[in-house]
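Per-entry structural report
So the chains spell out like this:
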Amino acid sequence: VQLVESGGGLVRAGVSLRLSCAASGRTFDLNGMGWFRQAPGKEREFIGDFNWSDRNTFVGDSVKGRFTISGDKSQKTVSLQMNSLNIEDTARYFCAARIGRPGPHPSYYDYWGHGTQVTVSS
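Residues numbered from 1 in each chain as written. Predicted model: local features only at pLDDT ≥ 70, side-chain atom pairs only at ≥ 80, totals over all residues. Heavy atoms only, no water.

**Digging into the state of the cysteines**
Under the definition given, this model contains one disulfide. For Cys 21, the disulfide goes to Cys 95, at an S-S distance of 2.1 Å. Disulfide Cys 21 to Cys 95: torsion about the S-S bond roughly -80°, handedness left-handed. Separated by 74 residues along the polypeptide, Cys 21 in strand S3 (residues 17–24) and Cys 95 in strand S9 (residues 91–98) bring together distant segments of the chain. The class for Cys 21 is buried, based on a relative accessible area of 2%. With a relative accessible area of 0%, Cys 95 lands in the buried category. (Disulfide = S-S within 2.5 Å. Helix = DSSP H or I, 4+ residues; strand = E, 2+ residues; numbered from the N terminus. Buried < 20%, exposed > 50% of the residue type's maximum accessible area, 1.4 Å probe, protein only.)

Right, here's the structure in full:
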């Protein structure tokens, strides 16, 4: 399974940004996709998950109310809408795919993209 993220960049605080991720390869075993982020010197942080079978989503507490996750099973894609960005959102954002059930930890996910950088300036 290959995952490719897109949509990162340098933005000013307060604006919105949308990230997308597309899965390819042996995707028939997958049950969902999610997003994580990692800032320098910090652990990889769970952002949200999209479950393909029931389209159920959940996002982490740190971004709840500002970030929304969505997906398309037929297209094997997942997107992350980020609103009201602030400097603390600066990180490398990673797309991940899982075979099993969702969970707010990298260990629940089996495949990873290379990430896309999001930098928020004041």
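From this point, the discussion proceeds with the structure in view.
**Re the sheet that holds strand S7 (residues 67–72)**
As summarised here, the arrangement of the four strands in space is S1-S3-S8-S7, forming an open sheet in which the pairing is antiparallel. Strands with a single pairing partner mark the edges of an open sheet, and in this sheet they are strand S1 (2–6) and S7. Sheet twist, expressed as the mean angle between neighbouring strand axes with direction ignored, is 15°. Here five bridges tie S1 to S3, and the two strands are oriented antiparallel to one another. Counted as the bridge partner of Gln 2 is Ser 24 from S3. (Pairing = 2+ DSSP bridges. Axes fitted to C-alpha atoms, helices over the stretch in contact; angles between N-to-C directions.)

**Considerations on the packing of aromatic side chains**
What the rule picks out here adds up to five aromatic pairs. Members of the aromatic cluster, connected to one another through ring pairs, are Phe 36, Phe 46, Phe 58, Tyr 109 and Trp 112. If you follow Arg 44 out to its NZ or CZ, it ends over the ring of Phe 94, 3.8 Å from the centre. The positively charged end of Arg 44 is found above the aromatic ring belonging to Trp 112, 4.8 Å away from the centroid. (Phe/Tyr/Trp six-rings, centres within 6.5 Å; stacked < 30°, edge-to-face > 60°. Lys NZ or Arg CZ within 6 Å of the ring centre and 35° of its normal.)

**Overview of the pairing of strand S4 (residues 32–38)**
Looking along a regular strand, one sees the side chains alternate between the two faces of the sheet. Burial within S4 is extensive, with six of its seven residues counted as buried. A loop of six residues connects S4 with strand S5 (residues 45–51), the two strands running antiparallel in sequence, and Gly 41 in this loop sits at a positive phi of about 80°. As judged from the seven bridges shared by S4 and S9, these two strands associate in the antiparallel manner. Residue pairing for S9: Trp 35 is matched across the bridge by Cys 95.

**Details of the nonpolar core**
Within the largest apolar cluster, 27 residues are counted, with the highest numbers of intra-cluster contacts made by Met 33, Trp 35, Leu 80, Met 82 and Tyr 93. Mapped by element, the contributors of at least two residues to this core are S3, S4, S5, S7, strand S8 (77–82), S9 and strand S11 (116–121). (Core = buried A, V, L, I, M, F, W, Y, C linked by side-chain atoms within 4.5 Å.)

**Structural notes on the pairing of S11**
Burial of S11 is one-sided: the residues Thr 116, Val 118 and Val 120 facing one way are buried, the residues Gln 117, Thr 119 and Ser 121 facing the other way are not. Alignment of strand S2 (residues 9–12) against S11, held across four bridges, turns out to be parallel. For Val 11, the partnering residue across the bridge sits in S11 and is Val 120.

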